Each structure stands twice: as C-alpha cells, then as structure tokens.
Number of protein chains: 4
Amino acid sequence: MKVVVWNEYRHERQAETVTKLYPDGIHGAIKAGLAAHGIAADAATLDEPEHGLPAARLDQTDVLFWWGHRAHAEVDDAVVERVQRRVLAGMGLVVLHSGHHSKIFRRLMGTSCNLVWRVAPNGERERLWPIDPGHALAAGIGPCIELPASEMYGEPFDVPAPDELVFISWYQGGEVFRSGCCYRRGRGRIFYFSPGHETYPIYHEPAIQQVLANAARWAAAPHADGSRLDVQNRREPLERLD
Amino acid sequence: MKVVVWNEYRHERQAETVTKLYPDGIHGAIKAGLAAHGIAADAATLDEPEHGLPAARLDQTDVLFWWGHRAHAEVDDAVVERVQRRVLAGMGLVVLHSGHHSKIFRRLMGTSCNLVWRVAPNGERERLWPIDPGHALAAGIGPCIELPASEMYGEPFDVPAPDELVFISWYQGGEVFRSGCCYRRGRGRIFYFSPGHETYPIYHEPAIQQVLANAARWAAAPHADGSRLDVQNRREPLERLD
Amino acid sequence: MKVVVWNEYRHERQAETVTKLYPDGIHGAIKAGLAAHGIAADAATLDEPEHGLPAARLDQTDVLFWWGHRAHAEVDDAVVERVQRRVLAGMGLVVLHSGHHSKIFRRLMGTSCNLVWRVAPNGERERLWPIDPGHALAAGIGPCIELPASEMYGEPFDVPAPDELVFISWYQGGEVFRSGCCYRRGRGRIFYFSPGHETYPIYHEPAIQQVLANAARWAAAPHADGSRLDVQNRREPLERLD
Amino acid sequence: MKVVVWNEYRHERQAETVTKLYPDGIHGAIKAGLAAHGIAADAATLDEPEHGLPAARLDQTDVLFWWGHRAHAEVDDAVVERVQRRVLAGMGLVVLHSGHHSKIFRRLMGTSCNLVWRVAPNGERERLWPIDPGHALAAGIGPCIELPASEMYGEPFDVPAPDELVFISWYQGGEVFRSGCCYRRGRGRIFYFSPGHETYPIYHEPAIQQVLANAARWAAAPHADGSRLDVQNRREPLERLD
C-alpha cells in the first residue's frame, strides 16, 4: 500500500505556535501516526513542483491524504483534475479538516462544502461518536473519542448525503457535525474526517491516529478490474427491429 | 388526508405528573398540534378493541402516528402484522420517541432498535439540528430546535442507515443522536422522530408541532398505483433458448 | 411553479430527420408534454445571449430541464457556475439523455458521468421498469414503459450512487441501465432521466411525458427556509475550558 | 474465517433432475466453489437438529450462506431469531436465490421481499451487470456474467433500497432485477444474490463461484469492538439545569 500525505505546509512555517505543535509539519505528524500502525507513508507539499504530485507519482499512489487551509486557491487546476481522475480510477482519498473547502473535495462533491463555524480562541471540547460501531473506520475506537480542545464545525454541512456516515461530533458549544463521511466515486473511496485544526495537537492523539490508519486501509481496499464490455460485438440480436 | 394518532395512553392515566402535562393524553396534544397546522386527526389507543385499529379503519388511514412506551409487549401481533402490511401498501407511519422499541418499528427495521440512555430526573437540554435544511421535514424550522428539558437518547442507535437523515440531536450531557430518520419501505414512508418523553411538555412546543405536521404531509405524499405486469404474456420471445 | 426547458437546439436546425420529428424543437415537444399535464413552461436555448439563462431569470426558476448533446463544450462556464449555485440554493434540475455529459451535470456529480454506448442505426427496444412503484416519479406509470426504438445507454454509469433509484432500463441488445436517478444536492433536487435521443420520437410518448411532469413536480417540491444560526451568540458557555 | 453453508436440502433428495445437477447437494456445490478460492466451509441443513445451527455453532460462525425454497415455513422461529441476533452482532449473511422469501431475510429486511416471477420450463438467458466495478463483490468479474439458462426474477422487488447495489440483471424475456444487493444491519453485513435455481447448474459456473467467494470475504470483514459507553459516569455536567 503506497500512501502519500499531502500538506499545504504554510502554517507550520509561519506561525510559531503551530511550529511548536507540529515541528515536522502536519504531514510529519500524520506520517508518524500511520507508522505507529505499521503504515509507511511519504509526503508531498504545496510548494514543491507540481505540488509534489506529478502524474507518475499519483499513478503509483493507493491512498492520498489531503490537508490544506489558507492556500486552497493556489493549488493548480491541472493538479486538481489529475487527482480527481486518479480517484475515479480507484485511488483512495482522505480529506482532513479545512480540506472541506479544497478544490479537490469541492470538485468531487459537486456542492459548496460550506459549513458553520465560530471563533473560539481556545477551542472547545469535541466528542466524536461512532454511530456504526461495526464499520472498518471505527475499528479499535471505544464508545467515543474526546478531544479537549477543537475547532467547532457545524451543520448544515453542504455535502451530498454520505454513502456511509461513521462519526457524528458533539461540541461543547451546542452544535453537532457529521465528522466522518464515506463516499464512493468512480472506483475510488473518499473519507472526510473533520478534526485537526493546526493550533491543536489533534494529530498526536492516539485515537485520531487510529482512525487515520483505519482510513488508509479502508480507502485502499482492493478493487475489481472490471474491464469494459465490447458492446459492439457481444450483444443480443437486434435484427428483429429493422 | 386521514390521520390517526395511536397512543398507548397509560402514563397519562397512572402518573399525576403526566396527567398534568397531558390532560387530554399525549394523543390529544399531538392532535391539537396537527390541528394548529390545519390537519385533522383521530385517535386510537391500546385499550380499545383491536387497539383501535381494525382493518377497515387502517385501510382508510393515510398516516398513522405511534406513541408507546411501557406496554409494547401488550400490542397484539396480529395488529402489528396488519399495520406492517398497510405501511408496505403505502400508509405513512410516524414513530415517536420510545416507539423505537415498539413491535411495529422493530419489525419494519429488522434490527434491535436499541439505543443508549441515561437516568436524568430533570432531563437536560436538547438541540435538534436540521442537517438537510431543504428537506420537507425541516420546513418552517429555523437553524435548530431547542428543548430545555428532554430525555437523552444516544448512539449507537441500532437501525438501518436512514434513507434520509434530517435531524441530529445534541445533548447537554455530551451525546448526539440521529433524531429524525426517514425510511421508505414498500410503498410506505416511515419517519422516526425521537423527542417526546411523557414527563416533558415537548408535544406542546410549536417547533415540534411544526415537525409533526411536516411529517404527516411528507408521509402521506401521493403514491403511484404501479399495477403488476402480466409477465406471462408481455415478454420478449424465449423460443431461441429451446 | 416556474419551469424553463433548456435545449441546445442544434440538431433540429441541422438534420432533416430531426426537424421532422421535432418541428418545434425538442424543447417544444417537452413543453407540450408538460402542458398536457397542466404545467406551463418556457424555453431557453444555447444560441441566445447568456444561453437564455441570465441570473435574473434563473433566480425566478423553480425547475430547469436540460437537453444538450454535441455542443456541451460551448456552454459558458460562468452560466454553468450560475446554474450550479441555483441548484444548491433550491432550484430543481432535470437532466435528460445525452445531458449526462453536460458540464452542469458532471460538475454536480463530481464524476466522469461516462457510460457504455453502441452504434445501432435503427435503435432497439427499451423497457423502463419502475423499481420503486410508490415513488412520486413513477406516479401514473404502469408496470413498465416500452419504447420501440431507443438508443442504448449501458452500465457502468459513472455517477454517484443515486439517493433514490427509480427506473432501471432493459435493452433488447442485452444491457441494463439506471435510467431514472434522483439526487439531492444542497437544497436542490436533481433527476437524471436517460431516454430521449434526437432521432426517436420519445418525447412524444405519453408515458415519457408523464414522467417529465412527475419530475417537474418532484423537483419543485417546496423547501424549508432554514436560515443560518447566529453561532457567535447562541452557543453554550465555553468558559469552563479556559 | 469460519463459513457455514446452510441448505434446505430437499429438492436434491426428491427430484432426479436436481440430484443429477447437484449430487452433493447445493451446499456441496457452494462449498466446492468456495474451496476453489481457498475458503473452507462446512454445511448445515434443515433436517438436522436445530437445523444444524445450534447457538454454540453460530457463535463461532463468521459468514452464513442461506439457500432455501419450498420449506421456508418449516424453519423454526427460535432458530431464525438466533440467526438474526448473530447477524446484528456481526456475523455475515449471504442469502441466495429463493432465500428472498426465507423467514430470516424477510425478518431482517422488514418488507415482504416479494418479486415478479414467471414460469419458463427451460429458463432463459440472464446477464448480471456489475454497476459498481470497483466494489469488492465484483472483484475478478468481467463486464458481465452470462448465464445461458436461469429463472427470471423481476421488479418490483420489495426490499429496502440496498445500502450498496452491485449487480443488476438483464433477462432475455424483457425484465431487469437488482440481483446483487448489500445491506448493513447492526454490525453485520448481508448480501442478497439472486441467481441459483435448483434446476440449473448455476453454482457450478466459475463466475458465480467468484462472486460467492467475494461475498464470503466481504461479509466477514473485520469489525470494530465498539464497547458501550458508561453514560452514567462520563457525561458533561447537568447541574445547570436544576
């Protein structure tokens, strides 16, 4: 399984508080979390040529993680199109937190992907409830994941109804959110997972790392080859019509 | 539109606090709420012959509301079967609160319909968030419905994934719940709506009454006749096989 | 209910066989079919300024029908974006036949919308089976719709799994197709309906006209207002965190 | 992975044509097909004590296949209840062909599970189209599975909309059918697969055996433990309410 963690990688280089939380970048923390579950991953970042995602690399990738926030607009449309094609061809995609507004997620969803949000300098408590405890995404998770400080994301979340809804979040401030959403698009699987603001140490949480490892395995599940039918030759007789 | 509100009608006759809250029975409050939206409804109760649901009456019913709690086991299996058949034939069914454990709901769902619950003598604050604000069930509802005192129902809720999820609840105590779930079964539509414990005045809340009126209209939506094909006679030729 | 039928309107002006079948344009036939069910509609076509879809007109439109085929690429991206926004804001959209490859449908689906297709100069028999006979889209339709000559569209059809699947087609040549697919996106409803090639008189068929009338009514169903919560002010206390 | 193939096992002992096709019973053919894909399975049959499904055995079973036809009514309700509980607790269930009318399938679906059917002594051609070629159930299957002689099952098929629809069948006689349907119920996965009449050698077909092996692996996918929350103790403070 070939996993690539894509990160915008700007906050960590520009804001001291973020640098302290994520000295190896958010991608570094995600990679470390996956490694703790036996999953090797590489990184790619916005400021590399082709954002680190040349076609030859994407073609070899089974699962792509995506973390972006303030620089969505800087992502080249050609790369977005390339990622979309790879997802439809079977690559898994795990979109994290503020990636809800990334070009790639909006393009794959077809909706605005807007949500409700509030300023809360110190964050607030979030609880993620697995509503489908038998789902592969919830493996190894207890009755809920509690995050002492998180950024509230609220409903309505303008996405298509997920093909499988796995997590719903509770926020101390009074809101709920569909925080773990599965989609199938083409031959690819997409998982959106909302926790993970850059100013909280959420990607160091073991339970969050467990979900990310589950996501990698789920999104990379082996797919059928399903070659196209030669419909010109294998059809029933049509002559009766003429 | 012919609406029947079925109520177990035991708490109201046995517990003084409930009698005070619902002097005309829970069915009376639900009927009054529907009437406020221009929908006439009749009542049926457990202790009537055939629980007030003889076949001739059910056959004329477009939408049946169901409130039961402590006497689920007393509901006759023959009546349950009859209601199930009517739902599959096109009657709408709105299952309320503790009706999640009613025979009819469990039979139509095929699952245990278990949920998580806690003792909280004075209840706690509940907020119902419409996650699909364009849905007919959420018509006329603002950004959320707030109930000052409600009984917590928590996840996992062991039901099939709803065909349409409309409301998610937030509870002060830290849980979430899929509180408004739409199902299509046969030609019938089913809506499960969780608020409504007998010791809280929830069915007197205007916003709750709005949802119940929405539910009646949604569940009674006109359906196609869709008569069966005479497959013995309208088929393509099969002779080539012989 | 304000309905606009958008048509590319090229085939009818360029190919004599199409002109004969649809002397008033495909939009004219669709309008006539809707009128037979009491639904007034206007038309808009590709070669009008802004393709006949200026913002002021779209803002007043409840349901937009879309028929395009060979000139998808000529549709201006700004108009596509405008239509998408209106759908997400609640306008219904009915996409017909070769419109599966229109910019607007692909954008709303997020997938390639590819399908399998074959050359068959005289077409072949198609049968559309309503698999959910109680669905509003199937109202008034018998056990199946039979079209003596139609263009085959086959699986796999690269779209998201429909929120509601209403029709499945059988083709004489040996294929099947999900020919009637419902989607909810934002506050809008989208219906894709596959029959309707320009060289067959399919839009003159009463059963097809019935489905199109059903589609107009379904896609224009009244929606909630659902104004946004002022989350900065109506929250639970967060002070405990600090 | 512990797999049990349950078979009614009556036709094979009573009708010579069936005995010839399935000398080791339908369960024998299914077991052989699974073995060809490296999956060991045991059998259980109706006329054994407890139908071969005592609680201790079911508790150890990961996936149960179910083939029944004429003796559905003879299956003991206590065993049906036991199987249902095991499915909700996480056991996979693969229901085959006429098993659509089995007590266990109807109970888990909550609907009549009726379908349209016709007498055709020599059967007719069936083609199963994978509409989701990336799905695990379609792994190793080409563009379609063609069966020269099969029994027609037609729509409407009165089941809940499948959580994932994988196969749609085309029949020579003019019908379609949702022939491969996935459901999640509780922590269990259910797959309904329609081909397999006792008078056709369908379970000897390599492509059908491939799907059954796919089904075993899919239905046995590892599940989370998801222990229950102690809601009495881990809640947010409620005191503010009192």
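All of these numbers come straight from a predicted model, not from anything done at the bench. (Residues numbered from 1 in each chain as written. Chains lettered and ligands numbered in written order. Predicted model: local features only at pLDDT ≥ 70, side-chain atom pairs only at ≥ 80, totals over all residues. Heavy atoms only, no water.)

Student: Explain the overall build of chain A to me, using residue names and the numbers behind them.
Tutor: Tallying secondary structure elements over chain A gives seven helices and 11 strands in all. By the compact-globule yardstick of 18 Å for 242 residues, chain A fits well, its C-alpha radius of gyration being 19 Å. When the backbone C-alpha atoms are referred to their principal axes, chain A occupies close to 75 × 40 × 35 Å. Taken over 242 residues, chain A has a buried fraction of 64%. Accessible area of chain A: about 8,100 Å², with a carbon and sulfur share of 50%. Charge separation in chain A, taken as the distance between the mean sites of 26 positive and 31 negative side-chain charges, equals 3 Å. (Helix = DSSP H or I, 4+ residues; strand = E, 2+ residues; numbered from the N terminus. Rg over C-alpha atoms; globule rule 2.2 N^0.38 Å. Buried < 20%, exposed > 50% of the residue type's maximum accessible area, 1.4 Å probe, protein only. Areas by Shrake-Rupley, 256 points an atom, 1.4 Å probe, with all protein chains shown as cover. Lys, Arg positive; Asp, Glu negative; His and termini not counted. Charge placed at Lys NZ, Arg CZ, Asp CG, Glu CD.)

Student: Quick one: what's the story with the sheet that holds strand β3 (residues 63–67) of chain B, residue by residue and with numbers?
Tutor: Residues and elements named next belong to chain B. With mixed pairing, nine strands are arranged side by side in an open sheet as β2-β1-β3-β4-β11-β10-β9-β6-β7. Whereas interior strands pair on both sides, the edge strands pair on one side only; in this sheet they are β2 (41–45) and β7 (145–150). The average undirected angle you get between the axes of adjacent strands in this sheet is 20 degrees. With five bridges connecting them, strand β9 (residues 164–171) and strand β10 (residues 176–185) associate as antiparallel partners. Note on β10: the bridge partner recorded for S169 is F177. Of the strands in this sheet, β3, β4 (92–96), β10 and β11 (188–193) are in contact with helix α5 (residues 77–88), which crosses β11 at around 115 degrees. Contacts between helix α7 (residues 206–219) and the sheet are confined to β3, β4, β7, β9, β10 and β11, with β11 contributing the most and set at about 165 degrees to the helix. (Pairing = 2+ DSSP bridges. Axes fitted to C-alpha atoms, helices over the stretch in contact; angles between N-to-C directions. Contact = heavy atoms within 4.5 Å.)

Student: Account for the side chain of C:E155, naming residues and giving values.
Tutor: Considering the arrangement of structural elements, one finds C:E155 in the loop between β8 (153–154) and β9 (164–171). Polar contacts involving the side chain of C:E155 include one to the main-chain amide nitrogen of C:F157, which spans 2.8 Å. Engagement of the side chain of C:E155 in a polar contact is seen with the side chain of C:R178, the distance being 2.9 Å. Not counting residues up to four positions away in its chain, the partners in contact with C:E155 are C:V116, C:V176, C:F177, C:R178, D:W129 and D:I131. (Polar contact = N/O pair within 3.5 Å; in protein donor to acceptor, adjacent residues only side chain to side chain.)

Student: How would you sum up the environment of A:I141? Please name residues and give values.
Tutor: All names here are of chain A. For I141, the position within the fold is in the loop between β6 (124–130) and β7 (145–150). Given the relative accessible area of 4%, I141 is considered buried. Residues I141 and Q209 lie 68 residues apart in sequence; the distance between their C-alpha atoms is 10 Å.

Student: How would you summarise the packing of aromatic side chains if you had to cite specific residues and measurements?
Tutor: Throughout the structure, instances matching the rule amount to 38 aromatic pairs over all chains. With a centroid separation of 5.8 Å and an interplanar angle of 80 degrees, the aromatic rings of A:Y153 and A:F177 are classed as edge-to-face. With A:Y153 in strand β8 (residues 153–154) and A:F177 in strand β10 (residues 176–185), this pair connects stretches of sequence that are 24 residues apart. Comparing A:Y153 with A:F177, the two get one shared label, buried. Ring geometry for B:Y22 versus B:Y203: centroids 6.2 Å apart, planes at 55 degrees, classification tilted. Taken together, the residues B:Y22 in the loop between α2 (16–21) and α3 (25–35) and B:Y203 in the loop between β11 and α7 connect sequence positions 181 residues apart. The exposure classification of B:Y22 matches that of B:Y203, with both residues buried. Following the ring pairs from residue to residue traces out a cluster consisting of A:F105, A:Y153, A:F157, A:F177 and A:Y192. Positioned above the aromatic ring of A:W170, the side-chain terminus of A:R127 is 5.7 Å from the ring centre. (Phe/Tyr/Trp six-rings, centres within 6.5 Å; stacked < 30°, edge-to-face > 60°. Lys NZ or Arg CZ within 6 Å of the ring centre and 35° of its normal.)

Student: Let's hear about the sheet that holds β9(C): which residues, and what values?
Tutor: All names here are of chain C. Spatially, nine strands are ordered β2-β1-β3-β4-β11-β10-β9-β6-β7 in an open sheet, and the strand pairing comes out mixed. Single-partner strands in this sheet number two, and they are β2 (41–45) and β7 (145–150). Across the sheet, the axes of successive neighbouring strands diverge by a mean angle of 20 degrees, strand direction being ignored. Where strand β3 (residues 63–67) meets strand β4 (residues 92–96), four bridges bridge the pair, whose relative direction is parallel. Bridge pairing in β4 places F65 opposite V94. Contacts between helix α3 (residues 25–35) and the sheet are confined to β1 (3–7), β2, β3 and β4, with β1 contributing the most and set at about 155 degrees to the helix. Across the sheet, helix α7 (residues 206–219) is in contact with β3, β4, β7, β9, β10 (176–185) and β11 (188–193); its angle to β11 comes to roughly 165 degrees.

Student: Can you explain the pairing of strand β4 (residues 92–96) of chain D? Please cite residues and give values.
Tutor: All names here are of chain D. Summarising burial for β4: five of the five residues are buried, a large majority. This β-α-β element, strand β3 (residues 63–67) to helix α5 (residues 77–88) to β4, shows right-handed connectivity. Looking at chain direction, β4 and strand β11 (residues 188–193) are connected through four bridges and run parallel. Residue L96 lies in a different strand from β11, and its bridge partner there is F193. (Right-handed = clockwise from strand over helix to strand, strands pointing away.)

Student: Account for the pairing of strand β1 (residues 3–7) of chain B, naming residues and giving values.
Tutor: Residues and elements named next belong to chain B. With five of its five residues buried, β1 lies for the most part within the structure. Where burial is concerned, the two faces of β1 agree: the one with V3, V5 and N7 and the one with V4 and W6 are both buried. Note that β1 and β3 share five bridges and pair parallel. For V3, the partnering residue across the bridge sits in β3 and is V63. Pairing of β1 with β2 involves five bridges; the strand directions are parallel. Bridge pairing in β2 places W6 opposite A44.

Student: For the environment of D:W218, give the residues involved together with the corresponding values.
Tutor: Residues and elements named next belong to chain D. Within the element layout of this structure, W218 appears in helix α7 (residues 206–219). Along the primary structure W218 and E151 are separated by 67 residues, whereas in three dimensions their C-alpha atoms are 26 Å apart. Non-local contacts of W218, meaning those with residues more than four positions away in its chain, are made with H135, A136, L137, E164, C182, Y183, R189, I190 and F191.

Student: Could you give an account of the pattern of salt bridges, naming the residues involved and the relevant values?
Tutor: Residues and elements named next belong to chain B. Applying the stated criterion to the full structure yields 60 salt bridges over all chains. As a salt-bridge pair, R85 and E81 come within 3.2 Å of each other at their nearest N and O atoms. Of the two residues, R85 and E81 are both situated in helix α5; the distance of four residues between them amounts to about one turn of the helix. The class of R85 is exposed, set by a relative accessible area of 57%. Of the charged contacts in the structure, one is a salt bridge between R118 and E124, with a shortest N-O distance of 2.6 Å. Judged by its relative accessible area of 2%, R118 falls in the buried class. (Salt bridge = Lys/Arg side-chain N within 4 Å of Asp/Glu carboxyl O.)

Student: Before we move on, can you summarise the packing of helix α3 (residues 25–35) of chain A against helix α7 (residues 206–219) of chain A with the specific residues and values?
Tutor: All names here are of chain A. Close contact between α3 and α7 brings their axes to 9 Å; oriented N to C, the two are set at 75 degrees. Classed by the angle they form, the pair α3 and α7 counts as roughly perpendicular. Across the interface between the two elements, A29, I30, G33 and L34 of α3 pack against Q209, L212, A213 and A216 of α7. Here the residues of the contact of α3 with α7 sort into six nonpolar, two polar and no charged. (Parallel < 35°, antiparallel > 145°, perpendicular 65-115°, else oblique. Nonpolar A, V, L, I, M, F, W, Y, C, P; charged D, E, K, R; others polar.)

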